[in-house]
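As a plain string of letters, each chain reads:
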Amino acid sequence: MKKIIPYFLILISLALLSSCDYLDVVPDNVATLDNAFSNRYTAEKYLATCYWSMPKSGGWNENPAMFGAMEMIFNKEDDGGGMMAARGYDSPTEAYFNYWSATGSPVRSLYAGVNNCNVFLANIDQVTDLETYEKNRMIAEVTMIKAFLHFYLLTYYGPVCPLKENTEINESTEGVRVYREKVDDTFTYILELLNGAIYSKALPVQIQNRTTELGRFTQAAACFLRAKVLLYWASPLFNGNTNYESFLDHNGEPFFNQTYDQDRWKKAAEACDTAITVCNSSGNRLYQMSDYVTSKTMSQATRLVNTLRHSVSERWNCELVWGSTSWPVDEGVQQQCIPRFEEATQQTTTGNMSVPLNVVEKFYSRNGVPIDEDADYDYAHRYELRTGDESHIYYIQKGEQTAVVNFDREPRFYSTLGFDRGKWYGNSYINEPNDDAECLYPKDRFGEFSSVFQPGDYNTTGYFCKKLVSVNTTYRDRNTVTYEKYPFPDMRFADLLLFYAEALNEMKDAPDEQVYQYIDMVRERAGLSGVVKSWGNHSIYPNKPSTKAGMREIIQGERAVELACEGSYYWDSRRWKTALKEQNGPVKGWDISKSDVHDYYTVTTVYNQTFSFKNYFAPIPESDIIKNPKLVQNPGW
Amino acid sequence: MKKNGLYEPIIWHVKKLFLKMKMCLFFLLTSVVSVHAGVSYSQNTKLTLNLKNATFADIIEEIESQSEFIFMVVEDALDLTQKVSINVEDLTIEKVLGELLDPTKNSFAIFDRQVIIGKKEGDIVSHANKPAPPPIKGKVIDASGAPLPGVTITIVGTTRGVITDTDGTFAIDANPADKLVFSFIGMKSQIIDVGNLTRINVTMEDKSQELDDVTVVAFGKQKKESVLASITTVKPAELKVPSSNLTTAFAGRVSGLISYQRSGEPGEDNASFFIRGITTFGAQAKKDPLILIDGVELSTSDLARLNTDDIANFSIMKDATATALYGARGANGVIAVTTKEGQEGKVQVNVRVENSFSMPTKRVQVADPVTFMRMQNEAVKTRNPLGLSLYDQEKITMTEKGLYPDIFPAIDWYKTMFRDMVCNQRVNLSVSGGGKVARYYVAANVSRDNGDLKVDKRNNFNSNIDLKKYALRSNVNINVTKTTELILRMSTTFDDYTGPIDGGSDMYKKVMKANPVFFKPYYEPDEQYAYAEHILFGNYGNGGYINPYAESLKGYRDYSKNTTISQFEIKQDLEMLVKGLTARGMFNIDRYSEYAVTRKYDPFYYKISSYNLTDRTYSLACLNPTTGTEYIDYNPGSRYINSAYYLETAAEYNRSFEKHSVNGLLVYTMRQEKTGIASNLQLSLPNRNMGVSGRLAYNYDTRYFGEFNFGYNGSERFSKNHRWGFFPSIGAAWMLSNEKFFEPLTGIFKQFKIKATYGMVGNDAIGNDNDRFYYLSQVEMDAERDVFWGTNLTYNPGGIDLTRYANEEIGWETAYKTNLGLEIALNNGLSANLEVFHEKRENILLSRIIPGTMGVIPSVKANLGIATGKGVDCELNYEKNFNKDLWVTGRATFTYATSEVKKWEEPDYSGTPWLSTIGKPLSQTWGYIAERLFVDDAEVENSPTQFGAYMAGDIKYRDVNGDGKISALDQVPIGFPTTPEIIYGFGLSVGYKGLDASFFFQGSARESFWLDINNIAPGVDENAILSCFADNYWSENNRNSYALWPRLAHSNSINNNQTSTWFMEDGSFFRLKSVEMGYTLPKQMTKSIYLKDLRVYVSGTNLFYFSKFKLWDPEMAGEGLGYPVQRVLNIGLNISL
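Residues numbered from 1 in each chain as written. Chains lettered and ligands numbered in written order. Predicted model: local features only at pLDDT ≥ 70, side-chain atom pairs only at ≥ 80, totals over all residues. Heavy atoms only, no water.

Let's talk about the confidence of the model for chain B
Residue and element names in this part refer to chain B. Chain-level pLDDT for chain B is 86 on average; 94% of the residues reach the 70-or-more range. Here residues 1–39 scores under 50 on pLDDT; set against residues more than four positions off or in separate chains, the count is 86 contacts. Low pLDDT, under 50, characterises residues 124–131; the stretch is placed with 12 contacts to residues that sit more than four places away or in other chains. Both scores are given for the predicted complex: the pTM is 0.75, the ipTM 0.91. (pLDDT = per-residue confidence, 0-100. Contact = heavy atoms within 4.5 Å.)

Topic: empty space enclosed by the protein
Where empty space is left can be seen by rolling a probe of water-molecule size over the atoms. The space that makes up the largest cavity amounts to roughly 440 Å³. Considering the residues around the largest cavity, the lining is formed by 26 residues, among which Y152, K228, D490, E566 and W571 of chain A are closest to the centre. Counting only elements with at least two residues in the lining of the largest cavity, the list comes to α6 (132–157), α9 (219–234), β8 (486–492), α15 (493–507) and α19 (568–575) of chain A. Broken down by element, the residue count for the lining of the largest cavity peaks at five residues, all from β8 of chain A. Every residue lining the second largest cavity is counted, 23 residues in all, and those nearest its centre are P242, S243, D269, Q1126 and V1128 of chain B. Going through the elements one at a time, β23 (345–360), β24 (422–434), β25 (438–450), β55 (1093–1107) and β56 (1126–1136) of chain B are the ones with two or more residues in the lining of the second largest cavity. Each residue belonging to the lining of the second largest cavity can be placed in one class, and the counts come to seven nonpolar, 12 polar and four charged. (1 Å grid on protein atoms, 1.4 Å probe; cavity = no way out; pocket = protein on both sides within 12 Å on 5 of 7 lines; lining within 4 Å. Points joined across faces, edges and corners; volume = space filled by probe spheres on them. Helix = DSSP H or I, 4+ residues; strand = E, 2+ residues; numbered from the N terminus. Nonpolar A, V, L, I, M, F, W, Y, C, P; charged D, E, K, R; others polar.)

Considering the sheet that holds strand β10 (residues 169–172) of chain B
All names here are of chain B. Spatially, β10-β7-β13 is the arrangement adopted by the three strands of the open sheet, whose pairing is mixed. The open sheet has two edge strands with one neighbour each: β10 and β13 (199–203). Direction aside, neighbouring strands of the sheet carry axes that sit 25° apart on average. The pairing of strand β7 (residues 136–141) with β10 spans four bridges and is antiparallel. Bridge pairing in β10 links G138 to F170. (Pairing = 2+ DSSP bridges. Axes fitted to C-alpha atoms, helices over the stretch in contact; angles between N-to-C directions.)

Some points on the packing of helix α16 (residues 513–525) of chain A against helix α17 (residues 531–538) of chain A
All names here are of chain A. Look at α16 against α17: their axes get within 9 Å of each other, and the N-to-C directions meet at 75°. Classed by the angle they form, the pair α16 and α17 counts as roughly perpendicular. Listed contacts from α17 to Y516, I519, D520 and R523 of α16 are V531, V532, S534 and W535. The residue makeup of the contact of α16 with α17, split by class, is five nonpolar, one polar and two charged. (Parallel < 35°, antiparallel > 145°, perpendicular 65-115°, else oblique.)

Examining the pairing of strand β27 (residues 484–499) of chain B
All names here are of chain B. With 14 bridges connecting them, strand β26 (residues 466–479) and β27 associate as antiparallel partners. Bridge pairing in β27 places S474 opposite M490. Between β26 and β27, which pair antiparallel and follow one another directly, the connecting turn spans four residues. Where β27 meets strand β30 (residues 555–573), 16 bridges bridge the pair, whose relative direction is antiparallel. Along β30, the bridge assignment pairs G499 with R557.

Structure representation (structure tokens):
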């Protein structure tokens, strides 16, 4: 026995000797967080990561605003998150746009985005090869992203839990559970962030390096966002909203301020004014007909339609203050918008994106007033048939029948919508004829080439969304399409002008020239006369523009038309608190299952839209309330 | 005998021989030249000797080492120390002995392998004449019952002995006090007390069966009786199934193992198995046992490929005492397999040939195409009366009438795609044997498994599954010196596969998602496409529908896998230093490599664009003229290269001092595994473990046993503070049957033993492999972040993703195992092992609960979980030979293992305690309680709100917390765990003369599974409609609130798609797992065709089952639409030479 002890000892010591580094398999320099801030390139990557964490506007299952107010819809066969939420199936257990806590992509927790921003802001100082101005610019950009994310959370969920600093990963269970904060506090915080970014003057007035930097924030974008935030803060949803009197925080105080503050409109107007000035100095303005360049000769009517389309979908046009490039409008959206212009063997495009009749009717008559107010418009017979004539030669195929409601409308009607027998210039290899009166048009009655191609894929109302199709997207032959990519217009100059008009109207006792001036700029570009003239000459309510309430209605109508199909109405109808009134009722379209022209032009209900008080804000996912019992669910959910 | 012969050839005193023997020997001795019917060995064996001045003893030793001869020298006949020289080459033994003994005038006789040297002619006769007491007679047979000639029988303590005759009989003079030793080359010696016996019949057993008396334990072997750890040993023959996958045999046959098989696809049919259930709950933690083949850690696939014919020992180690030495990996139990080694003796050749006929145990029943169309239409209309019908009435009517099948096709995809039965073949060959210096076991085996896809002859490639497996094994043991043994084990396996691109299971799933009425599998060319060079596959709409026929024909996947294992081991007996001390070292390297390629074309799809009803001609339109291809494209697939090495050195001390026996063991191990093609840096770093383990076992008088084991192990996964773990265990046992007081019961009990163990075992394979360095943060520096800046939206700077936060505190998962056992063996052939176990698993890695407002996406891990497992496993064996013709063996096992979560970081469930996982089994499912289907829309209105859009005929759930809405808070634990808690089996084998028959039943219980309604919902997408749902679903005309399927829906109903009791199924079943009948030809017949043994047999597996679940084979559980589990009928032939 004694003799073996030495052997054992040798064995053990051998084992222990070699053990010291045998198990150290990890070499130095394994990538850690420090590597992310080691040089300008990695810092730029992290910056891009922060940009990427902003919500994606150009996707219907990513942007709740696209379908949420049923400004556009898919047919009933679609069960994607966008339509499910629009149809009222959003719930705490099945939150279709879980920007609160989703871990996937592209719908991902915006808090995760804020977390990224906080990491960036805490570490950017480590980067040594960046110039101070570059560093400051990045800091301003990321601060603005942080503001943007908080603002999105605030408008989507109501009271939120601002993530000003990141929480340590090994924080106690109690420590990670936070309260929702008052709406005003979050607004103040967002404005603090934005003012910080703006006053640092670190953001460029214009993007100099256009090949690699277009898509990053400018001073104009920051001012635009600040104007928008202030305007929302002044709007009825967030300003003295007594509906939320009993929605209380952990101290028993209401999350929403209970007294209306008129002064906020003034601040909003000032911010709009500043934003417009900054935009103009950096070259942002309305896109005009003179900006539209083409080698083709065409009528003024077609030229205007194309100009209006370009103002939205021409890449980096002068009207775009900022657009998201992380989910640009490409094949995804455009494929759903384009109808087929000829018989095809492959279903290259679907035309699924359908605009309901309710939205179609919001567009003005050619006189620039709502069709139900236009004394000259045959409103009562609008669902009857009429044959395309010489006066509509650029809008409706001559000699073909379509509904009366498609006739005598303003140019934006024809630039935003495509419909059965309605002219659609461009977008096809054979669709830019020398005489634009000969351009192709969809044929959408059942069995025709623009209607159902295969089960589940069809336009359910008979109206296609022409607006989101870039003029440069083209059918190369009947079975293939090349799609032009463009950033979704999250911040469009026309929007800012209308913000300003709205803020001015609200802050003043009665509308004046200043109010009319900004809304008329938008109308003029669209080929319409000013509000006073239009209403005075054509409306059955000629004095409407002279009262504050009347002007409010006009501005709201103008926004609905100018910004149609861009998701704006979803947010507007909430902040104005008009959704409850407007979004309960049938959503209609033509009867697309019929091939006979009379049967086809029969008004049919596609959905019954419901909106109840709770829908002003999305539900907090129930899983999060379980994880953090300190969270209070939004009222009604 | 032979070993003794090394130094002192038995001095053989011939006193009196049985008459026949005597005559024979006399003849032989007088004629000097040996002539015997069966002595071909002596004539065939050629000897070469070149010895100078060697003693006779040396020369005899040399001959013995070169050959299988054994020498016996009649007492005083030869002076063994006398020195002679000899130089012969390639001579037979007679010639050699003739030359050698000629000068000494000694006579000799050769009897097969026995050589007897006498003094002179007539020597034996003189002995024969001496008077003597009546001899003890008897017969020696081998295990198969055949008489064994040439067995040496000596009386212990004397030099007297005899050898058996050609018919195995013998006679020997002995006193009642004597003990007889029976010995024969390659067989186990036996000692028998003479006593009052006058007739002794002895059955000699092969030496390999000595293993029966020892049990393979961690890093060694122990005498069976002294094992107090919980170890189940299964005879390899028990695991013999007609399959090329060993793992499919486990269920019910191995007590302590929970096992089930979910798929029957060749190459993908590994059964899952867990020792005593699962007690860890990390989503990606290692849950299955450590697999050791010849002491080396290998994978499940390596185990699956082992051939039962090559297995010497198969055992599973369950408790702490058995596994503590494998500290790092032992927590989930260990499966230890050793392969056969060559045995001293003549060459043994064994050939087995099998041919199997394989078919699904059950096919999924699908409704006819007309019902399909009606229900699809109904699915649209029942929810949206304005919705567009998918099929018009004309189509339905025409399809029903079977008219114009070109435009109104009705395709039975199942029949179109699959054959009813396939044939598979297996051939095994093994050769073993050896002499004094070296022993060898060499085996080769080939198997071919086919899939059941039909193949179109117009393709010149075969896309059906064709899996060929080749395996070679060579185990060689060399005695370098008399105390040093060197072992070399090499084995290599090759898998060659071709099959459908996404695998066989996927083909089954595609068939279940193929529309039966839109298109034909392919169209005969019309005029326009008469010269098309490709098959005109059918499709519809945009060409986006699944055409399984095209899917199967469009290409194939081709993979090759190879595992090569080389093992070098040296064992040194250190008796010269310390008696009882041995040392050994083992070094193993294995390499695994795999590559796959796919080759495919993109099918052209066609639809009928016009049809002429009068002459039934049609013209076709191509749906994808731009994306289809005629040429085959190549895609490289997965590639893996792994290499591992393993080093083990051990010293063992084994000694008995009178009644005390001591066993000590100290082992040092090192292991490294590397992967050549890793997806990231951290994965590319080697996996390493090292450790020291030890055992100290003591027993007193084989009555009281005690044992201490430990493992001290390090793992590269943890931070320096947590890198090493110490895992001790203790155990004790009491052999009551060896006690004096037990004697009254020895008539009934052969053995009665109780035992208990307790200890700790570790597990470092916690969490995902991708995440193994928890103490480091992980940053993806090139994360895909879709940000496209710049004029043309093309500048993408890339992104950075923090995928893991650093956590220094993460360390070993530890199991505390307790085991109580009872081993009983009765004299009537019955034996039983009963064990009760309990396990507490601590430091289980789990994800922390982090609220979304922290913005932390990667899950944050911590060693916070605690779980327990407990259960029973027992086995019952019966083994009896009633007479030389009739034998019966039986075996039954029962394993019950359940688990319970004890600690888990979870949200605040105080208001809804039913949501808490604490106190529930690990694989418990939570879901809603489905009450029934809503009767009408009024009930929907007046009930708590549920999910999405729902109406009458949809599932109504119970509002458990009564808050007026059905939400996640209403989920309660439903059903049993998803892994069965009970596995049992029993079987019986009977042999009568050459005939044998056996059967085995197997079952599992306490398991639930859920139907995945995404795949089976009728009306949704192109899901095939299962007949049972077509027969019994809620419809407006049949408003049955308890119908099998709720209201149809054209897209998945969110309401009905919740996990609930509605689609919960009972996974328990009971099946006739296998039946086998065989016939072994009588010896005389096999001998006449120069064979040793010949057995033909037929067998079958999965012949039938009983289960409450009727849609598919319940063992597949939720995977029912995949490749079915197979029923196999098999015929085989086993030949020994």
